[in-house]
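The lines below spell out each chain.
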Amino acid sequence: MPSLFKQGDVMIGGIFPLFNKEIRSIYTFEREPPGVKCAGFDLRAFRWTQVMIFATEEINKESTLLPNITLGYRILNSCASPTNTLRAALTLASGPEEIKSTSTCPPAISALIAESGSSQSLAVAGTLGPFQVPIVSYFSTCACLSDRAKYPTFFRTIPSDYFQAKALAALVKRFGWQWIGAIQSDNDYGRNGILAFTEEVKKLGVCIAFVGTILRTHTMDKILDVVEMIKQSTVKVILAFIPEGDFYPLMKEVVKQNITGIQWIASEAWITAPRPSTPEIYKAFGGALGFVVQKMAIPNLKPFLTGISPHADPSGAFVRNFWEIMVGCRSVLPGEHSATEATNEMCTGNETLLYSQDMFFNVTQLRVSYNVYKAVYAIAHALHQLVFCQPAHQPAEKPLRPCLNISEIQTKQVTAHLQKVHFRNQFGDNVLFDENGDPPASYDIINWQLRDGQVQHVSLGHFASAANGDYKLSVREEEIVWRTGKMVPSSVCSNVCPVGTRKAQIKGKSTCCFDCIPCADGTIANSTGAADCTPCPREYWSSERKDACIPKTVEFLTYHEPMGIAITAVSLLGASLSLAIMIVFVKYRETPVIKASNTELSCFLLFSLFLCFLCPLTFIGRPTVWTCMLRHTAFGVTFALCISCVLGKTIVVVTAFKATCPGNKISGKFGPAQQRIIVCSCTFIQIVICILWLKLDPPFPDMVFRYSNRKIVLECNTGSEAAFYSVLGYIGILAIICLVLAFLARKLPDNFNEAKFITFSMLIFCAVWITFIPAYVSSPGKFTVAVETFAILSSAFGLLICIFAPKCYIILVKPEKNTKKHIMAKI
């Protein structure tokens with residue numbers, strides 16, 4: 001197995017995906033299997049190996065870190081395959097093949113720097129962990145690797161995906177994206193990354209529309225299935241949590257099919273990868289946003305990289321692959337034959353990399369390479385503390401002396417000291433590991449921008465964990481170049497419901513997909529995106545837009561509306577007529593017609609009718625406690641007085657005509673005193689009923705909501721229904737007695753028989769009040785008041801017209817009939 005190797009007193013191993021794809025072989029089991037063949041030399045991974053070598057040589061030159069101890073290395077290729085990674089790990093753990101047999105027993109590796117892929121690291125950590133071999137990864141971010149029970153010797157210099165998932169979720173929240181797609185690699189890195197991200201965004205109400213899965217070894221049909229998934233979806237934002245090597249075939253197909261208008265969110269595995277960072281790929285992926293670990297410029301690294309040459313190190317593995325890509329020619333070393341080489345022209349030996357402008361030599365924005373650099377130094381510090389029993393760079397009065405023989409170094413001890421490592425490197429960064437082997441979380445936000453025809457990875461923000469366990473995201477939004485233009489792209493399954501509507505979940509679809517249903521009457525949604533409509537308070541109703549509760553219309557009978565004006569006019573007319581008739585009666589009190597109708601009772605009756613006509617005025621206007629008590633009791637008492645007067649007149653008529661019979665003395669027993677007693681006693685009973693009513697359960701103003709949802713009817717609640725109907729019933733009893741007596745006296749001899757007119761008036765009175773009860777019960781709102789006032793006015797006019805109109809007619813129109821002779825004509 002080819003390797004980059006240098007022997008030292010203490011050896012560390014390294015596994016890197018120098019080739020990004022394994023060429024599958026068919027095993028026939030008829031002969032020994034061929035060796036592993038890989039394709040796709042990865043310049044990025046090759047630079048990682050060179051940074052490890054550079055850091056090792058830098059440490060060996062340093063006098064304060066591992067003095068007098070040479071740090072050696074052996075670096076193998078994994079082909080980005082878990083199987084080959086495991087093969088490489090077991091090869092390293094079993095000892096180097098490059099050591100000559102004549103050498104003394106060399107030390108085994110004390111630590112291993114591996115690997116970039118999480119699936120590969122899982123294979124290594126699971127295999128070497130039980131042997132207590134410390135493993136430090138530079139690019140494996142799967143949160144599953146933080147499980148100390150399964151992987152007790154695993155460390156890394158890149159933050160876990162647990163933190164990256166939080167960072168990506170914070171970014172999604174920042175820009176208000178609710179409906180996004182996701183693409184994962186078909187390995188532990190992709191699956192666990194998307195799982196962690198999904199758990200985070202679900203807390204924010206974000207929905208994942210689809211999850212596409214690809215891998216670099218997948219067939220084109222599977223890649224096209226994912227492309228079709230993207231085309232069919234309505235999402236405008238897609239997260240690609242996938243290594244660059246797995247994602248690149250899909251990126252090319254997306255560009256080929258001209259799928260634009262998508263805002264891509266990247267994981268740290270591909271956002272700064274050089275291979276896809278081309279103007280061609282930018283056509284579809286320009287404006288991509290993602291998180292990466294902090295960048296660093298390592299001094300003296302560029303001269304080291306430009307000094308790589310197959311002529312300087314003829315036996316160096318992978319150097320010739322690198323040289324062929326960088327220079328464009330194939331080097332032929334002494335002793336080799338070049339006749340069969342036809343892929344590239346032969347090198348002349350004068351080629352140089354000193355003036356190359358390739359991105360490989362840009363050491364100002366090292367990110368993963370810097371993680372490799374920190375991993376080497378972390379292992380060196382752990383070995384220094386183990387061997388010298390004190391931290392490196394600590395001032396010492398005497399020359400450092402080892403407290404442990406390097407031949408006695410145990411990997412278990414290295415693991416223990418690696419857990420305790422905590423130092424500040426030359427760049428001012430603290431290098432340490434938490435209890436799970438993870439470093440502190442810190443990311444830069446990267447935006448793909450095209451400048452001068454080149455794709456630039458522009459840093460526009462930062463995400464870091466705080467001391468209290470919280471996280472802080474800062475973004476310079478105004479500098480972001482979006483794929484869709486200057487505006488922040490929107491990605492929702494359903495637009496936010498406007499005010500006045502609520503969400504209604506669509507059956508069988510994600511919670512982010514919903515219809516907007518207008519709020520029902522009486523409920524509102526005064527904010528956008530409301531899940532439910534809020535009922536208005538009882539005294540309020542929803543506006544037309546259903547976005548605010550407005551006071552309900554308050555309804556009661558007023559003086560300003562037509563009905564109120566009509567009732568007021570009729571009431572005043574009736575009262576005026578009553579007063580006018582009373583004046584006529586007073587003026588013509590000595591005439592036979594007035595004397596025959598009992599002047600005193602007639603005036604009492606006219607006064608009670610005057611009060612009855614004024615009663616409806618108490619039913620108009622906003623109900624109050626006093627008006628509610630007054631309107632019903634005044635109505636009951638005045639009508640009781642009125643009917644009592646009519647009853648008195650009826651009895652007078654009956655007794656007056658009975659007195660014409662010889663020997664009948666009944667008229668002498670029913671004089672003015674008895675008449676007053678009848679009127680007062682009958683009225684007093686009603687007064688007692690009203691007093692009890694007001695004392696026990698009086699009427700009160702009430703708001704009635706049952707008639708309409710949009711208005712409140714203010715009316716007087718009778719309080720006690722029994723008392724209210726007792727008042728009506730008592731008036732009815734008096735009216736029936738009057739009707740019966742008047743009916744019996746209707747044929748008594750007289751040219752002016754008043755009993756007939758009382759009969760007609762009582763018939764009208766009873767008819768009105770009999771029809772009043774069902775109309776009163778069934779009338780809504782203020783019409784209830786109108787019905788009651790109509791009954792009062794109708795019955796009062798019936799009494800006034802039937803009893804007093806004939807008399808006024810004789811007095812004012814036919815005065816010649818206003819004589820005693822005419823009145824007694826038929827006796």
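Below or above, wherever it landed, is the structure these notes cover. (Residues numbered from 1 in each chain as written. Predicted model: local features only at pLDDT ≥ 70, side-chain atom pairs only at ≥ 80, totals over all residues. Heavy atoms only, no water.)

**Considering the side chain of asparagine 20**
Tracing the backbone through its elements, the reader meets asparagine 20 in strand E3 (residues 19-23). Asparagine 20 gets classed as buried once you look at its relative accessible area, which sits at 13%. (Helix = DSSP H or I, 4+ residues; strand = E, 2+ residues; numbered from the N terminus. Buried < 20%, exposed > 50% of the residue type's maximum accessible area, 1.4 Å probe, protein only.)

**Some remarks on helix H4 (residues 161-174)**
With 14 residues, H4 extends 19 Å between its outermost C-alpha atoms, agreeing within 8% with the 20 Å of an ideal straight helix rising 1.5 Å per residue. Here H4 lies mainly inside the structure; 10 of its 14 residues are buried. Of all the positions in H4, only Asp161, Phe163, Gln164, Ala165, Lys166, Ala167, Leu168, Ala169, Leu171 and Val172 are classed as buried. One side-chain oxygen at the N-terminal end of H4 lies 3.0 Å from the backbone nitrogen of tyrosine 162; it belongs to serine 160. Just downstream of H4 lies glycine 176, where phi reads positive at about 70°. (Expected span 1.5 Å × (residues − 1). Polar contact = N/O pair within 3.5 Å; in protein donor to acceptor, adjacent residues only side chain to side chain.)

**So, the packing of helix H17 (residues 672-696) against helix H18 (residues 721-744)**
One can describe the packing of H17 onto H18 by two numbers: an axis separation of 9 Å at closest approach and a directional angle of 170°. In this view, H17 runs roughly antiparallel relative to H18, as classed from their interaxial angle. Residues Ser681, Cys682, Ile685, Gln686, Ile689, Cys690 and Trp693 of H17 form the contact with H18, whose own contacting residues are Ala723, Phe724, Ser726, Val727, Tyr730, Ile731 and Leu734. Its residues placed into classes, the contact of H17 with H18 shows 11 nonpolar, three polar and no charged. (Axes fitted to C-alpha atoms, helices over the stretch in contact; angles between N-to-C directions. Parallel < 35°, antiparallel > 145°, perpendicular 65-115°, else oblique. Contact = heavy atoms within 4.5 Å. Nonpolar A, V, L, I, M, F, W, Y, C, P; charged D, E, K, R; others polar.)

**Observations regarding the pattern of salt bridges**
This model, assessed by the stated rule, comprises 14 salt bridges. We note a salt bridge from glutamate 477 to arginine 174, for which the minimum N-O separation is 2.9 Å. Of the two residues, glutamate 477 sits in the loop between strand E18 (471-475) and strand E19 (501-505) while arginine 174 sits in helix H4, which places them 303 residues apart along the sequence. Judged by relative accessible area, which is 30%, glutamate 477 ranks as partly exposed. (Salt bridge = Lys/Arg side-chain N within 4 Å of Asp/Glu carboxyl O.)

**Details of the state of the cysteines**
Evaluated as defined, the whole model comprises 10 disulfides. Between cysteine 38 and cysteine 79 runs a disulfide, and the two sulfur atoms are separated by 1.2 Å. Linking cysteine 38 and cysteine 79, the disulfide has an S-S dihedral of approximately 110° and is accordingly described as right-handed. With a gap of 41 residues between them, cysteine 38 in strand E4 (residues 37-41) and cysteine 79 in the loop between strand E5 (71-77) and helix H2 (82-93) connect regions that are remote in the sequence. With relative accessibility at 21%, the residue cysteine 38 sits in the partly exposed group. Relative accessible area serves as the criterion here: at 3%, cysteine 79 is assigned to the buried category. (Disulfide = S-S within 2.5 Å.)

**Structural notes on helix H5 (residues 188-202)**
Between its first and last C-alpha, H5 extends 21 Å over 15 residues, near the 21 Å set by a 1.5 Å rise per residue. Restricting attention to buried positions, one finds in H5 the residues Tyr189, Gly190, Gly193, Ile194, Ala196, Phe197, Thr198, Glu200 and Val201. Looking at the buried positions of H5, the neighbouring elements they touch are helix H3 (118-128), H4, strand E9 (179-185), strand E10 (207-214) and strand E11 (237-241). One side-chain oxygen at the N-terminal end of H5 lies 3.3 Å from the backbone nitrogen of tyrosine 189; it belongs to asparagine 187.

**A look at the packing of helix H15 (residues 599-614) against helix H20 (residues 782-812)**
The N-to-C vectors of H15 and H20 enclose an angle of 155°; their axes lie 10 Å apart at closest approach. In terms of orientation, H15 and H20 fall into the roughly antiparallel class. The handedness of the crossing between H15 and H20 comes out as left-handed. Across the interface between the two elements, Ser602, Leu605, Leu606, Leu609, Cys612 and Phe613 from H15 touch Ile792, Leu793, Ala796, Phe797, Leu799, Leu800, Ile803 and Phe804 from H20. Among the residues forming the contact of H15 with H20, the class breakdown is 13 nonpolar, one polar and no charged. (Left-handed = near helix turned anticlockwise from the far one by under 90°.)

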